[in-house]
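Residues per chain are reported as follows:
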Amino acid sequence: MENLTLETSKFVRVKSMSTRNRLVQKQKQLLELLGYDVCISFLFNDKRNIAYKNAVASSNMKYKRKSISNAIFINKIQYSAFRELIGKKGIVENYSQDIFPPLLEGVNTEVYIPIFCCNDRDLSIELIGCLYLGSSDFKEFPFNHFIDDNLVEELMSDISKLLTLLLIRMEQFEDAVNIAEFILGLMDKKAPYLSNHAYNVSGWCREIGMELKLSKEELNELTLAGLLHDVGKIIVDNSILYKKGRLEKEEYQKVQEHVIISYKILKYLFEDIEEYKNVPEIVKYHHEWYDGKGYPFGLKGDDIPLKSYILGIADAVNAMLSVRPYRKNKSINAVIRELYKNRGSQFHPKLVSIVVEIFAKTSRQLTKDHFYTINLGSLIITQMEDVKIIEGNLSNRKDYFEFRPLDECFTEKIELSKVSSAELVIRNLNILNYYEVRLEDFVDRTFYISTIKPIQSPNSFNLLWDLDGILYLPGTKRAVPIEINKIGGDALSFSLEESYGKNLSNGKPLIIKVLFDELELDITGTVVRKYNFGPYKYFDFNYTNIPDWKRDAIFRQLFRKQIQLRKTISKYEKTAT
């Protein structure tokens, strides 16, 4: 049974396009036999609130030009016929004078035919989708012909089998997302910095992969490896993970073992998911070094996969930039120095150049095409005057997005009809990106999003390099160090540990001292929004009464820092060559 599942999975991956082509041909034959103008095949998700378009066949050119979404949210009134079919699990006929609006403009007769498959677990018959038949003429559906005609029966059987194959591929993606979310939850419970590290490493993998112009499929695979590369540490004792000071030889060996443990766990979990079968291999070799002095196998040079090199340098860079229980973080200049120092020994030479170039940029605004598998974010929902900010994971389903709250106890009822606006904040490399979103449905603690549109901030810069600040807490004499992630002439964003930030409320006047290398600026303002991302809180801070000279000084310091970084990179580049 195991081998059969693997073979089926392989067939689904290799033949996915030909499967759709065969599906179109079968649908065309059905059109000819039944005398309709257009035939569309749909698959349903497990919650039966979305219908996925798979293949379109038409005998009339005007219907080929008709636009229909790849993902249809069935809760909408115009898709009532889908709900009728799901409810009664039988054929639904609809005419232009009926209560259901037609799916396609110009169609006067349409028929929805349920598609079933056999569930291998309990041999039950399961509704998986439907066929849509449309005609510009008024006509009665030929039930007798449909039931008694052997050729029609054979065609429907073939269509059902082809849709079942496509369903397997769809379910594999769903399984991968569920596995990843489960593992990240375990890691967060084990040590919060592990899950925070995982998201950051995944972000670095994405940035490096985009610079290398990897395909979407390769980026998806790589970023998933970044999310899950440390799963083996869930069985490493916390006394070792949190130890302050140098590890003993035996303790270090236990830490090193996490690579093989991670590989074995992921190999077991992903062996039936063909689209992500390389994820365990990427993780297996990410601690190997270019010169052969890494572990666990001592491989070197071209014997190590490129994606493992990418994961390895992403892991190292984020580790150097992060505060850990046992050490402080390094400055950007120190990280650049370490990268060049270990170029050609620990790190692939080509990747060092790419990473330092990323440091020299202000971080790019991610578009929806850059969202892969799982992204850490906060959903901001405004209902009347009530604003809810919900931390969760955004997963990209190719034609739509799902957002799942991280709080396992989240049971709030959200009435979409009362939502006046919805925004999404995605964290990437410790930078916040802002988007307008359209919520389509809310089912079983899951928000369904159809569109995501970036909110541009032309007057501010996302920072990958470190910019420190000091926050003076209201009503006290305490000064708390903060990290400034984004800054401009009118606002900035900063982060700090959750324990310090939990009492900061919106609208209270605050003072922040921005610590540029050559200048310190005191800025007054108020917190307008706050978000949770793992063990840190992030805040949007709007200035009040800022004079022009301070605004000009901010931009001068930003440009000066960019020039300094360029000079630092140039110096090490010349030394390395």
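Up top is the structure these notes are about.
In this text, all values refer to a predicted model and were calculated from it rather than measured experimentally.

What follows concerns helix H6 (residues 150-190). The end-to-end C-alpha separation of H6 is 59 Å, in line with the 60 Å expected for 41 residues at 1.5 Å each. For H6, the N-terminal cap is Asp-149; the gap from its side-chain oxygen to the backbone nitrogen of Leu-151 is 2.8 Å.

Along the chain, Thr-451 falls in strand S12 (residues 446-454). Overall, the relative accessible area of 41% leaves Thr-451 in the partly exposed class. Placed 82 residues apart in sequence, Thr-451 and Phe-533 show a C-alpha to C-alpha distance of 23 Å.

Next up on the list: the nonpolar core. In this structure, Ile-208, Leu-339, Ile-487 and Phe-494 are the most contacted members of the largest nonpolar core, which totals 105 residues. When residues of this core are assigned to their parent elements, the largest contribution, 9 residues, is made by helix H7 (residues 192-211). Among residues more than four places away in sequence, those in contact with Ile-208 are Ile-310, Ile-313, Ala-314, Leu-351, Ile-354, Val-355 and Ile-358. Counting 27 residues, the second-largest nonpolar core is a separate cluster that includes Leu-23, Cys-39, Ile-113 and Leu-167.

Attention now moves to the side chain of Lys-388. Positionally, Lys-388 belongs in strand S8 (residues 386-396). Residue classification places Lys-388 among the buried positions, given a relative accessible area of 15%. Separated by 2.7 Å, the side chains of Lys-388 and Asp-386 make a polar contact. Apart from residues no more than four positions distant in its own chain, Lys-388 is found in contact with Leu-379, Ile-380, Ile-381, Gln-383, Glu-412 and Ile-414.

Right, let's talk about the packing of aromatic side chains for a bit. If you walk through the whole model with that rule in mind, you get 22 aromatic pairs. Pairing Phe-82 with Tyr-112 gives two aromatic rings, centres 5.2 Å apart and planes at 75°, and the pair type is edge-to-face. Of the two residues, Phe-82 is situated in helix H4 (residues 80-88) and Tyr-112 in strand S5 (residues 109-118); the sequence distance between them amounts to 30 residues. Judged by relative accessible area, which is 0%, Phe-82 ranks as buried. Here the aromatic rings of Phe-141 and Phe-143 are separated by 5.0 Å at their centres, their planes lie at 85°, and the arrangement is edge-to-face. The exposure class of Phe-143 is partly exposed, given its relative accessible area of 35%. Three or more aromatic residues joined by ring pairs form one cluster here, namely Phe-42, Phe-44, Tyr-79, Phe-82, Tyr-112 and Tyr-132. Just above the ring of Tyr-36 sits the side chain of Lys-139; from NZ or CZ to the centre is 4.5 Å. If you follow Lys-284 out to its NZ or CZ, it ends over the ring of Tyr-263, 4.3 Å from the centre.

Position of Arg-427 among the secondary structure elements: in strand S10 (residues 419-428). One buried charged residue, Arg-427, forms no salt bridge at all, with the nearest opposite charge on Glu-391 at 7.4 Å. Looking at Arg-427, its side chain comes within polar contact range of the side chain of Asn-196, at 2.7 Å. In contact with Arg-427, not counting residues within four places along its chain, are Asn-196, Tyr-199, Asn-200, Leu-376, Leu-432, Phe-533 and Tyr-538.

Calculation notes
Residues numbered from 1 in each chain as written. Predicted model: local features only at pLDDT ≥ 70, side-chain atom pairs only at ≥ 80, totals over all residues. Heavy atoms only, no water. Helix = DSSP H or I, 4+ residues; strand = E, 2+ residues; numbered from the N terminus. Expected span 1.5 Å × (residues − 1). Polar contact = N/O pair within 3.5 Å; in protein donor to acceptor, adjacent residues only side chain to side chain. Buried < 20%, exposed > 50% of the residue type's maximum accessible area, 1.4 Å probe, protein only. Core = buried A, V, L, I, M, F, W, Y, C linked by side-chain atoms within 4.5 Å. Contact = heavy atoms within 4.5 Å. Phe/Tyr/Trp six-rings, centres within 6.5 Å; stacked < 30°, edge-to-face > 60°. Lys NZ or Arg CZ within 6 Å of the ring centre and 35° of its normal. Lys, Arg positive; Asp, Glu negative; His and termini not counted. Salt bridge = Lys/Arg side-chain N within 4 Å of Asp/Glu carboxyl O.

Distances and angles like these do not, on their own, reveal function.
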